[in-house]
Amino acid sequence: MREIEASRLRQKAIRLIAERQRLEKILMQHQRLLRGSLLERPKFCGKPGCKCTKGQPHPPSLYLSRLVKGTVRHLFIRAADHKRARKEALSYKEFRQALRRWRAIGKELNRIWEELETAQEESYPFE
Ligand SMILES: [Zn+2]
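Right, let's talk about the overall build of the protein for a bit. When you go through the protein residue by residue, the secondary structure sums to 2 helices and 3 strands. Counting from the amino terminus, helix and strand elements in the protein follow one another as α-β-β-β-α. For 127 residues, the compact-globule estimate of 2.2 N^0.38 gives 14 Å, and the protein exceeds it by more than 25% at 25 Å. By principal-axis analysis of the C-alpha atoms, the protein measures approximately 95 × 30 × 25 Å. Looking at the protein residue by residue over its 127 residues, the buried ones come to 23%. Just so you have it, the protein exposes about 10,300 Å², and 55% of that area is on carbon and sulfur atoms.

This is the structure:
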């Protein structure tokens with residue numbers, strides 16, 4: 001019975017270790033990260049007769065929203081930087097998600113090793 005439990009724990013550990021390795025590949029990728037999240041605001045210039053007054057807004061304005069010393073700050077992103085900012089903000093999000101999961105797996109593995117120790121512990125005299 002305890003051997004079944006130990007075997008179940010080992011299987012679980014194998015799955016978690018494989019998942020952690022996949023996450024480590026993401027964390028090890030050399031990429032630029034833009035911390036914060038992007039906010040899009042539809043843009044209406046307000047000029048009379050402009051297409052934006054007829055339901056065709058201009059490309060949206062983009063802002064980088066992030067916490068600076070506990071306060072949310074919005075930073076305007078220049079149109080020329082939109083593509084790069086979107087890519088790097090997405091990379092940041094992926095990196096953070098991978099890191100959060102990687103840490104959770106570490107804690108889970110810790111518990112598994114403890115349980116495995118208990119499941120494998122012998123009593124003495126040997127039966
Ligand atoms: Zn306009």
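Read on for the rest.
Turning to the sheet that holds strand E2 (residues 58-68), a few remarks are in order. The strand order across the open sheet built from 3 strands is E1-E2-E3, with neighbouring strands paired in antiparallel fashion. Where the open sheet ends on each side, the last strands, each with one partner, are strand E1 (37-43) and strand E3 (71-77). Ignoring which end each strand starts from, the neighbouring axes of this sheet average 35° apart. Note that E2 and E3 share 7 bridges and pair antiparallel. Residue pairing for E3: Val-68 is matched across the bridge by Thr-71.

What follows covers the packing of aromatic side chains. Counted by the stated rule, this structure contains 2 aromatic pairs. With a centroid separation of 5.6 Å and 70° between ring planes, the pair formed by Tyr-63 and Phe-76 is classed as edge-to-face. With a gap of 13 residues between them, Tyr-63 in strand E2 and Phe-76 in strand E3 connect regions that are remote in the sequence. Judged by relative accessible area, Phe-76 falls into the exposed class, the value being 53%. Residues Tyr-124 and Phe-126 carry aromatic rings whose centres are separated by 5.1 Å and whose planes lie at 85° to one another, so their mutual orientation is edge-to-face. Residue Tyr-124 shares its accessibility class with Phe-126, and that shared class is exposed. Sitting over the ring of Tyr-63, Arg-41 keeps its end group 5.4 Å from the ring centre.

Here the zinc ion is held by the protein donor atoms Cys-45 (SG), Cys-50 (SG), Cys-52 (SG) and His-58 (NE2), which lie 2.0 to 2.4 Å from it. Between the donor residues of the zinc ion, the gaps in sequence give the motif C-x4-C-x1-C-x5-H. Residue Cys-45 is located in the loop between E1 and E2, and its partner His-58 is located in strand E2; the two are separated by 13 residues in the primary sequence.

The subject of this paragraph is the nonpolar core. Among the nonpolar cores identified, the biggest contains 13 residues, and Leu-9, Leu-16, Ile-105, Leu-109 and Ile-112 are the most heavily contacted of them. If one sorts the elements of this core by residue count, helix H2 (residues 82-120) sits on top with 7 residues. If we ignore the near neighbours within four places in the chain, the residues touching Ile-105 are Leu-16, Glu-19, Arg-20 and Leu-23. Residues Leu-34, Leu-64, Ile-77 and Ala-85 belong to the second largest nonpolar core, which totals 5 residues.

Here is what the cut-offs are and how they apply
Residues numbered from 1 in each chain as written. Predicted model: local features only at pLDDT ≥ 70, side-chain atom pairs only at ≥ 80, totals over all residues. Heavy atoms only, no water. Helix = DSSP H or I, 4+ residues; strand = E, 2+ residues; numbered from the N terminus. Rg over C-alpha atoms; globule rule 2.2 N^0.38 Å. Buried < 20%, exposed > 50% of the residue type's maximum accessible area, 1.4 Å probe, protein only. Areas by Shrake-Rupley, 256 points an atom, 1.4 Å probe, with all protein chains shown as cover. Pairing = 2+ DSSP bridges. Axes fitted to C-alpha atoms, helices over the stretch in contact; angles between N-to-C directions. Phe/Tyr/Trp six-rings, centres within 6.5 Å; stacked < 30°, edge-to-face > 60°. Lys NZ or Arg CZ within 6 Å of the ring centre and 35° of its normal. Donors = N, O, S within 2.8 Å, 3.2 Å for Na, K, Ca; no water. Core = buried A, V, L, I, M, F, W, Y, C linked by side-chain atoms within 4.5 Å. Contact = heavy atoms within 4.5 Å.

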